[in-house]
Each structure stands twice: as C-alpha cells, then as structure tokens.
Amino acid sequence: MIKGLFGGKKNSTSVEIERKFLLTRLPEAKPERRHHIRQGYIARNGGTVVRVRQKDDNYILSVKTPSTGIGRYEIEKTLTADEAAVLFAACREPVIEKIREIHPHGGHIWEVDIFDGANTGLIVAEVELKSETEDIILPPWIGPEVTGLQKFYNAHIAQNPFKSWGVSYADLVKRLQG
C-alpha cells in the first residue's frame, strides 16, 4: 500500500500476473458473484495504460505499466463518483461495458467477462496468479489461451470493438484452437 500518494485514500501497487482464455461455453455453475463493470481509457503509451473503472458502485483509477514476462505493475486509487465522472468524460474511445462473473475453480478465482455494447458476443476469462510458473487447473469450459495477444486486452477492445473483427465468437474460438 502506498500511503499519502493520492490524498490519503485507499491505494495500492502490485504486480499483476494473469492469464487470459476464451471459453468454449459458459460455466454451468452459478457464479459466486456478479459485477457490472464500466471502464474507459484515458491514456495509452508504450504499454502503459491509464484507466478509470466503475465496478458496481465503486470507482477506481488504475495505472498499469510493463513489467517482465506476463506480469504488469499496477497502481490503483479509489475515486469518488464525481472524480470518476470527470475522468470518464476524458476517455477518447468508447467506454467498455461488461458483466464480470466470479467462478472459483481448482484453488483459483476465475473472472469471466461477458462483454456488452459494441463488444457483445465476446467472452474472456482471466485467472490471476502469484507467479508466472504457478500451475492451474483449467475449468472444463476454458478454450484457447490468449495471454499476451494484445487483441484481447480491454484497452485494445475499446479502440477496436469485437463487432468490427468480422468473425463470430464460435469461429474465433475454432481458429485459435487450431
């Protein structure tokens, strides 16, 4: 935790290590939790991303910078609704909207993002890890891995929405499964 950096509100810095996957089908089990997420991108430069996010009734400013391997440094600051409104207005690309479902599996928490709006039809699952070499048990609904493919990062999706890709989700999964 970084104290005093952003006016004394709750803030944190960490290295985010995650793997991303497409799904072959939606999980059958009811999610542990569901969140409505709205996020916009204020700036992107050389792998660094500045993002504002609304997760249910919470607002967060995030700065993500490149690290080594699949990890990224991430600094987060809690915002008020008014502060978030100012930052959402500053976003250059359309705001991303999605439902995030939380599914525990194999000792890990899987976040399944079901996109809406211009990205309707796209579904991406992420699992956060403690290290790049950590073993994971893949749920039966996991399809091809897309970790490291910029096309599947939210900052790219905001600028290049799924509806413009010219492919159905089912065909995309088939192509990536090879």
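Everything here concerns the structure above.
From a predicted model like this one, the values you see are computed outputs, not experimental measurements. (Residues numbered from 1 in each chain as written. Predicted model: local features only at pLDDT ≥ 70, side-chain atom pairs only at ≥ 80, totals over all residues. Heavy atoms only, no water.)

**Observations regarding the side chain of Gln54**
Part 1 of the reasoning: Within the secondary structure, Gln54 is located in strand S3 (residues 48–55).
Part 2 of the reasoning: Overall, Gln54 belongs to the buried group, its relative accessible area being 15%.
Part 3 of the reasoning: Separated by 3.4 Å, the side chains of Gln54 and Tyr59 make a polar contact.
Part 4 of the reasoning: Aside from chain neighbours lying at most four places away, what touches Gln54 is His36, Ile37, Arg38, Tyr59 and Phe88. (Helix = DSSP H or I, 4+ residues; strand = E, 2+ residues; numbered from the N terminus. Buried < 20%, exposed > 50% of the residue type's maximum accessible area, 1.4 Å probe, protein only. Polar contact = N/O pair within 3.5 Å; in protein donor to acceptor, adjacent residues only side chain to side chain. Contact = heavy atoms within 4.5 Å.)

**Quick look at the pattern of salt bridges**
Part 1 of the reasoning: Evaluation of the coordinates by the stated rule reveals 12 salt bridges.
Part 2 of the reasoning: The residue Glu145 makes a salt bridge to Arg19 at a minimum N-O spacing of 2.7 Å. Taken together, the residues Glu145 in strand S9 (residues 142–145) and Arg19 in strand S1 (residues 11–23) connect sequence positions 126 residues apart.
Part 3 of the reasoning: Notably, a salt bridge pairs Asp113 with Lys98, separated by 3.0 Å at the nearest N-O pair. With a gap of 15 residues between them, Asp113 in strand S7 (residues 108–115) and Lys98 in strand S6 (residues 96–105) connect regions that are remote in the sequence. By the burial criterion, Asp113 is buried, and Lys98 matches it.
Part 4 of the reasoning: A cluster of three or more residues bridged by salt bridges with shared partners is formed by Lys98, Arg100, Glu111 and Asp113. (Salt bridge = Lys/Arg side-chain N within 4 Å of Asp/Glu carboxyl O.)

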